[in-house]
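# Understanding the architecture of this molecule
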Amino acid sequence: MAYRKLRLILGDQLNHQHSWFDDKDPETLYVMMEMLSETNYVAHHIQKVVGFFLAMRQFAQELEEKGYEVLYWQLDHKENKQSVPDNIKYLVDKFNIESFEYLLPDEYRLDQQLKTLADDLNIPVTAYDTEHFLTKREGVEEFFAGKKRLIMEYFYRRVRTDYDLLMESDGKTPLTGQWNYDHSNRKKYPKKIDVPKTKKFERDASEIVELIESFDIKTIGRIPDKVFDYPISRAEALEALEDFNDSRLIHFGDYQDAMSETERLGYHSRISFALNVKLITPLEVVQSSIAHWHKHSDEIDISQIEGFVRQIVGWREYMRGMYWLQMPELEEKNYFDHQAKLPDHYWDGNTKMNCMANAINQSLDMAYAHHIQRLMVTGNFALLLGVHPDAVDAWYLGIYIDAIQWVEITNTRCMSQFADGGKVATKPYVSSANYIHKMSDYCNNCHYDRKKKYGDKACPFNSLFWDFYDRNASQLKHIGRINMMMGTWNKMESSEREKILQQAAEYKANADEL
Ligand code: FAD
Ligand code: SF4
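### Concerning the pattern of salt bridges
A complete count under the given rule lists 37 salt bridges for this structure. In this structure, Asp-111 and Lys-115 form a salt bridge, with 3.2 Å as the shortest nitrogen-oxygen distance. Here the residue Asp-111 and the residue Lys-115 both occupy positions in helix α4 (residues 108–120), the gap between them amounting to 4 residues, near one helical turn. The partner of Lys-187 in a salt bridge is Asp-254, and the shortest N-O contact between them spans 3.0 Å. Within this pair, whereas Lys-187 is found in the loop between α6 (152–162) and β7 (203–204), its partner Asp-254 is found in the loop between α8 (234–247) and α9 (272–276), the two being separated by 67 residues in sequence. Judged by its relative accessible area of 39%, Lys-187 falls in the partly exposed class. Judged by its relative accessible area of 8%, Asp-254 is buried. Within the structure, one salt-bridge network assembled from shared partners comprises Arg-160, Asp-182, Arg-186, Glu-306 and Arg-310.

What follows is the structure, encoded as structure tokens:
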């Protein structure tokens, strides 16, 4: 077969509904490739690599079944040069290709790579939108042009209005007159709760695991029994969404921030992987959940659906805009000049801190932790300890199945580590044991004493919390929302403060042993 046009599809561009597929042209070759450049730029969780390869292979197979011309190179294909530019140059030559087209990557690194490749190729090159997001790359920048504060809430309201999501018939007023129910999304689980189980998509992944091992790819985490359990096709992604609507939307908002030793997934949707590889679009997700809510609005409170819609059309779109607004400088931000290393237990879960052991071991087992575990346990601890944001980023970018830089770095470096100095977060997300105890059952079963700030078995979060305020006082003084906390610290007896700081110093010096 002679091909004239080559179209590249990256591993997170699995959008079956893209307008590229409106026509079938036998002279257009769709190219998909597993490459070491993508498996090795950070140490990924084994399930993340498996998930990407499985979803890509499934997508290629479905395209072929629909009659498109597809070239799919597995990692061990003999012609695979293991990077996008090398492979594309080789294929352009091999097939005498007359034009090259690609979908705009969501990651700065690949965006740059493809721009350079376009300059190097001596044929016409065209880049297309992925047709996935509700807003443009420049959406945040344009919306807040000339404004000092880039507050997510206002961006979210604009998206809701533009797409008529949970709006009154006038198209301007939010349903019930209220935009946001965040205040009612903060419940702890009751003592006895029976969270409906998440639908399973288990499949044997031994073949891909063996392939990864044969290339000596450095991975992290575990894949128990080599069984992979995330949706990998569009049909499965839609099933996962339906399962969430049917069984967990009802309490999504209520228990969004709750954590428990016995409930790893809670009422969360677990659709971030399917969304981030674009098997489903954010608009169809929220429209489907809103339709479900309308049908069941006598039993599902509006706060549940509003909380879910806010995460997807608010936070997710906003983070993407903040990424393109701040890259590439964002990769260098370190507002507090934190320099500590990430403690060893982030890699093996071997810690006496029960909250950390739970969040980390769950992440190692499942490549998943929900938002509050990421923000208020592992992220909180790294910030209190003063870990360098590069190390924190590398961990988050590697460990989660949904981690792609545009949504990882904005959540990690900006929201969780405050390394951008407060563009995304209005105050640093730090807490002592009080918050963790309020929102979880972790402290009940911990080696450490959540009530103690210093002394035998004092909870590390407590002394490190005050140490954080003390050591960063000058960088924090302009943030009105923390005045009360600073006041409390400043009013403490100096002997008490000394003991706390000494305890924190001991813990910082021995962070690997905690
Ligand atoms: P649910 O709780 O069911 O939420 C529904 C959907 O809303 C998610 O699937 C996701 O698409 C979206 N969403 C929710 N919160 C956010 C947010 N803050 N930013 C963007 N989208 C959001 N999310 C990623 O997709 N990739 C990441 O690499 C990532 N890294 C994170 C790192 C840190 C330190 C923190 C605090 C959060 C991070 N998040 C990341 C956001 C969030 O934790 C995950 O999207 C969520 O846990 C995925 O699980 P879920 O599908 O069950 O989400
Ligand atoms: Fe975590 Fe401290 Fe509670 Fe233990 S006591 S679970 S270390 S917050």
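### Here we look at the site of ligand 1
Taken together, the neighbourhood of ligand 1 is formed by 28 residues, with His-268, Ser-269, Arg-270, Tyr-368 and Asn-411 sitting nearest. Here a nitrogen atom of ligand 1 sits 3.4 Å away from a polar atom, N or O, in the side chain of Arg-374. Surface burial for ligand 1 is 99%, taken as the share of its 820 Å² of free accessible area covered by protein chains. If you list the elements that add at least two residues to the shell around ligand 1, you get α9, α11 (302–326), α14 (371–385) and α16 (405–416).

### Remarks on helix α2 (residues 46–65)
Structurally, the α-helix is built with 3.6 residues per turn, so residues lying three or four positions apart point the same way. Here α2 is 20 residues long and its end C-alpha atoms lie 29 Å apart, about the 28 Å a rise of 1.5 Å per residue gives. Across the 20 residues of α2, 16 count as buried, placing the element largely inside the fold. Residue Gly-67 follows α2 closely and has a positive phi angle near 100°.

### Here's the deal with the sheet that holds strand β6 (residues 125–128)
Sheet strands pair by backbone hydrogen bonding; their relative direction is either parallel or antiparallel. Read from one edge of the open sheet, 5 strands run β4-β2-β1-β5-β6, paired in parallel fashion. Every interior strand has two partners, whereas the edge strands, β4 (69–73) and β6, have only one. This sheet shows a mean twist of 20° between the axes of neighbouring strands, independent of strand direction. Here strand β2 (residues 28–33) pairs with β4 via 5 bridges, running parallel. Paired with Met-33 across the two strands is Trp-73, which belongs to β4. Strands in contact with helix α3 (residues 84–94) are β1 (5–8), β2, β4 and β5 (99–103); relative to β1, the strand with the most contacts, it is inclined by about 160°. Sitting on the sheet, α4 touches β1, β5 and β6, and the angle it makes with β5 is about 170°.

### Some thoughts on the environment of Glu-236
As for its position among the elements, Glu-236 is in helix α8. Separated by 203 residues in the primary sequence, Glu-236 and Met-439 have C-alpha atoms spaced 32 Å apart.

### Concerning the packing of α14 against helix α18 (residues 460–471)
At a closest axis distance of 8 Å, the pairing of α14 and α18 adopts a crossing angle of 50°. Considered as vectors, α14 and α18 are oriented oblique to each other. Like other packed secondary-structure pairs, α14 and α18 cross with a definite hand, here left-handed. Judged by residue contacts, Met-376, Val-377, Asn-380, Phe-381, Leu-383, Leu-384 and Leu-385 of α14 engage Pro-460, Phe-461, Leu-464, Phe-465, Phe-468 and Arg-471 from α18. Residue composition of the contact of α14 with α18, by class: 11 nonpolar, 1 polar and 1 charged.

### So, the packing of aromatic side chains
One pass over the full model with this rule turns up 40 aromatic pairs. Aromatic side chains Tyr-346 and Trp-395 sit 5.1 Å apart centroid to centroid with 90° between the ring planes, which places their arrangement in the edge-to-face category. One end of the pair, Tyr-346, is in helix α12 (residues 345–348); the other, Trp-395, is in helix α15 (residues 389–399), and 49 residues separate them in sequence. For Tyr-346, a relative accessible area of 1% gives the class buried. Aromatic ring contacts, followed pair by pair, group Tyr-335, Phe-336, Phe-418, Phe-465, Trp-466, Phe-468, Tyr-469 and Trp-489 into a single cluster. In this arrangement the basic side chain of Arg-7 is found over the ring face of Tyr-128, its NZ or CZ atom lying 6.0 Å from the centre. Over the ring of Tyr-368 we find Arg-374, and its NZ or CZ is 6.0 Å from the ring centre.

Cut-offs used in this document
- Residues numbered from 1 in each chain as written.
- Chains lettered and ligands numbered in written order.
- Predicted model: local features only at pLDDT ≥ 70, side-chain atom pairs only at ≥ 80, totals over all residues.
- Heavy atoms only, no water.
- Salt bridge = Lys/Arg side-chain N within 4 Å of Asp/Glu carboxyl O.
- Helix = DSSP H or I, 4+ residues; strand = E, 2+ residues; numbered from the N terminus.
- Buried < 20%, exposed > 50% of the residue type's maximum accessible area, 1.4 Å probe, protein only.
- Near = heavy atom within 4 Å.
- Polar contact = N/O pair within 3.5 Å; in protein donor to acceptor, adjacent residues only side chain to side chain.
- Areas by Shrake-Rupley, 256 points an atom, 1.4 Å probe, with all protein chains shown as cover.
- Expected span 1.5 Å × (residues − 1).
- Pairing = 2+ DSSP bridges.
- Axes fitted to C-alpha atoms, helices over the stretch in contact; angles between N-to-C directions.
- Contact = heavy atoms within 4.5 Å.
- Parallel < 35°, antiparallel > 145°, perpendicular 65-115°, else oblique.
- Left-handed = near helix turned anticlockwise from the far one by under 90°.
- Nonpolar A, V, L, I, M, F, W, Y, C, P; charged D, E, K, R; others polar.
- Phe/Tyr/Trp six-rings, centres within 6.5 Å; stacked < 30°, edge-to-face > 60°.
- Lys NZ or Arg CZ within 6 Å of the ring centre and 35° of its normal.

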